[in-house]
Amino acid sequence: NAKTVGWTTPVITDSVHTVEFQPAWYVPSSLAASNVFPMARADSLSLYRQGFETYWNGRAVDSRLVPWDSVSVREFRFVQRPGPSNPLGRVKFLMHNSYAILIHDTNRRETLADGRGSTMSSGCVQAGDPAALAEYLLTTVNGWEAGEATAAWRGGPRRGVKLDRPFPSHFVYL
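Definitions and cut-offs
- Throughout this description, residue numbers start from 1 for each chain and increase along the sequence as written.
- In keeping with the model being predicted, local features are shown solely for residues with a pLDDT of at least 70 and side-chain atom pairs are shown and tallied solely at 80 or more, while totals for entire chains, interfaces and linings include all residues.
- The side-chain figures draw on all heavy atoms in the structure; neither hydrogens nor water molecules are used.
- Helix numbering and strand numbering both begin at the N terminus, where a helix is a DSSP run of H or I of at least 4 residues and a strand a DSSP run of E of at least 2.
- Helix span is expected to be 1.5 Å times the residue number reduced by one.
- What the bend at a residue measures is the angle between two axes, fitted to the seven residues ending there and to the seven starting there.
- Accessibility here uses a 1.4 Å probe with only protein chains present; expressed as a share of the type maximum, an area under 20% marks a residue as buried, one over 50% as exposed, and anything in between as partly exposed.
- It only takes one pair of heavy atoms within 4.5 Å for two residues to be counted as in contact.
- Here the nonpolar core consists of buried residues drawn from Ala, Val, Leu, Ile, Met, Phe, Trp, Tyr and Cys, with membership extended through side-chain atoms lying within 4.5 Å.
- Between 30 and 60 degrees the pair is tilted, below 30 it is stacked and above 60 it is edge-to-face, where a pair is any two Phe, Tyr or Trp rings, Trp via its six-membered ring, whose centres lie within 6.5 Å.
- Should the NZ of a Lys or the CZ of an Arg lie within 6 Å of a ring centre and within 35 degrees of the ring normal, that charge is described as sitting over the ring.
- The pairing criterion for strands is at least two bridges between them, as found by DSSP.
- Patch members must show over 30% relative accessible area and no salt bridge, and they are joined within 9 Å when carrying like charges or within 5 Å when they are nonpolar side chains of Val, Leu, Ile, Met, Phe, Trp or Tyr.
- Exposure was quantified through the Shrake-Rupley algorithm and a 1.4 Å probe, taking into account, for residues, occlusion by the shown protein chains and nothing else.
- Any carboxyl oxygen of Asp or Glu within 4 Å of a side-chain nitrogen of Lys or Arg constitutes a salt bridge here.

1. Here's the deal with helix 1 (residues 29-42)
Turning to step 1, where the next piece is worked out: An ideal rise of 1.5 Å per residue puts 20 Å on 14 residues; helix 1 measures up with 18 Å between its terminal C-alpha atoms.
Turning to step 2, where the next piece is worked out: At Val-36, helix 1 shows its strongest bend, of approximately 35°, with the proline Pro-38 following within four residues.
Turning to step 3, where the next piece is worked out: Of all the residues in helix 1, the buried ones are Leu-31, Ala-32, Val-36, Phe-37 and Ala-40.
Turning to step 4, where the next piece is worked out: Those residues of helix 1 hidden inside the fold are in contact with strand 2 (25-26), helix 2 (46-49), strand 3 (52-56) and strand 5 (76-80).

Here you go:
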């Protein structure tokens, strides 16, 4: 994918420390410049329709009122609320690393089914079965009852669950 050239996931060892259901997406500045800002310039209503919160020099603003052709992307931060347009899907698995890499669901499951999932990512790791991963982590690490994590994945409020202990992970390509 031409938009994600150079955004491959590095080989890293890390640990998952939090499972967040119905996550918001805090758009990295590189993706704001290459994807979100051009989208706003092309269609001033697009951010509003796709559930983005827009911050101009640190202040929340109505994206429909921004003069997109006369401002700089460096003045803005974007947060996409949970929902069907959010590329993180229904759950993300947070880790501490200098790359800001995390594991997440996706709102485009078909890209995993046809093998294009990893090429659609901007460096993070899309989980093949995020509901099962959440269920496994929260039952084995935090002692949740079977089905509790799956129910949280299916719906409910935005919720971050800190794991009782970090869960080790290692990313490598074969």
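2. A word on the nonpolar core
Turning to step 1, where the next piece is worked out: Membership of the largest hydrophobic core comes to 23 residues, with the highest contact counts inside it found for Val-16, Val-19, Phe-21, Phe-93, Ile-103, Leu-138 and Leu-163.
Turning to step 2, where the next piece is worked out: Ala-32, Val-36, Ala-40 and Trp-68 belong to the second largest nonpolar core, which has 18 residues in total.

3. Quick notes on the packing of aromatic side chains
Turning to step 1, where the next piece is worked out: Following the criterion strictly, the structure yields eight aromatic pairs and no others.
Turning to step 2, where the next piece is worked out: Between the aromatic rings of Phe-37 and Trp-68, the centroid separation amounts to 5.5 Å while the plane-to-plane angle is 80°, which identifies the pairing as edge-to-face. Linking Phe-37 in helix 1 with Trp-68 in the loop between strand 4 (59-61) and strand 5, this pair joins segments that are 31 residues apart in sequence. In terms of burial, Phe-37 and Trp-68 fall into one category: buried.
Turning to step 3, where the next piece is worked out: Ring centres of Trp-68 and Phe-76 lie 4.9 Å apart, and the angle between their planes is 40°; this geometry places the pair in the tilted category. Side by side, Trp-68 and Phe-76 carry an identical accessibility label, which is buried.
Turning to step 4, where the next piece is worked out: In this structure, Arg-64 is placed above the aromatic ring of Tyr-48, and the distance from its NZ or CZ to the ring centre is 3.9 Å.

4. Quick notes on the pairing of strand 1 (residues 12-21)
Turning to step 1, where the next piece is worked out: Counted residue by residue, strand 1 has eight buried out of 10 residues, so it is predominantly covered.
Turning to step 2, where the next piece is worked out: Note: strand 1 against strand 9 (residues 159-171), nine bridges, orientation antiparallel. Paired with Ser-15 across the strands is Pro-168, a residue of strand 9.
Turning to step 3, where the next piece is worked out: Here strand 1 pairs with strand 6 (residues 91-95) via five bridges, running antiparallel. In the sheet register, Val-16 faces strand 6, and the bridge partner there is Met-95.

5. Digging into the sheet that holds strand 4
Turning to step 1, where the next piece is worked out: The sheet built from four strands is open, its strands ordered 2-5-3-4 with antiparallel pairing. Edge positions in the sheet fall to strand 2 and strand 4, since each of these pairs with one other strand and no more.

6. A closer look at a nonpolar patch on the surface
Turning to step 1, where the next piece is worked out: Taken together, the side chains of Val-11, Val-172 and Tyr-173 make up a nonpolar region of the molecular surface, amounting to roughly 310 Å² of accessible area.
Turning to step 2, where the next piece is worked out: Relative to the helices and strands, Tyr-173 resides in the segment after strand 9.
Turning to step 3, where the next piece is worked out: A relative accessible area of 52% means that Tyr-173 is categorised as exposed.

7. Quick word on the pattern of salt bridges
Turning to step 1, where the next piece is worked out: Considering all chains together, one arrives at three salt bridges under this definition.
Turning to step 2, where the next piece is worked out: For Glu-20, the salt bridge is made with Arg-158, and the minimal N-O distance between the two is 3.0 Å. With Glu-20 in strand 1 and Arg-158 in the loop between helix 6 (148-154) and strand 9, the pair connects residues that are 138 residues apart, well separated along the chain.
Turning to step 3, where the next piece is worked out: Using a relative accessible area of 10% as the deciding quantity, one classes Glu-20 as buried.
Turning to step 4, where the next piece is worked out: We classify Arg-158 as partly exposed; its relative accessible area is 41%.
Turning to step 5, where the next piece is worked out: Linking Asp-43 and Arg-49 is a salt bridge whose minimum nitrogen-to-oxygen distance equals 2.2 Å.
Turning to step 6, where the next piece is worked out: A residue is classified by how much of its surface remains accessible, and Asp-43, at 28% relative accessible area, is partly exposed.

These figures capture arrangement, not role.
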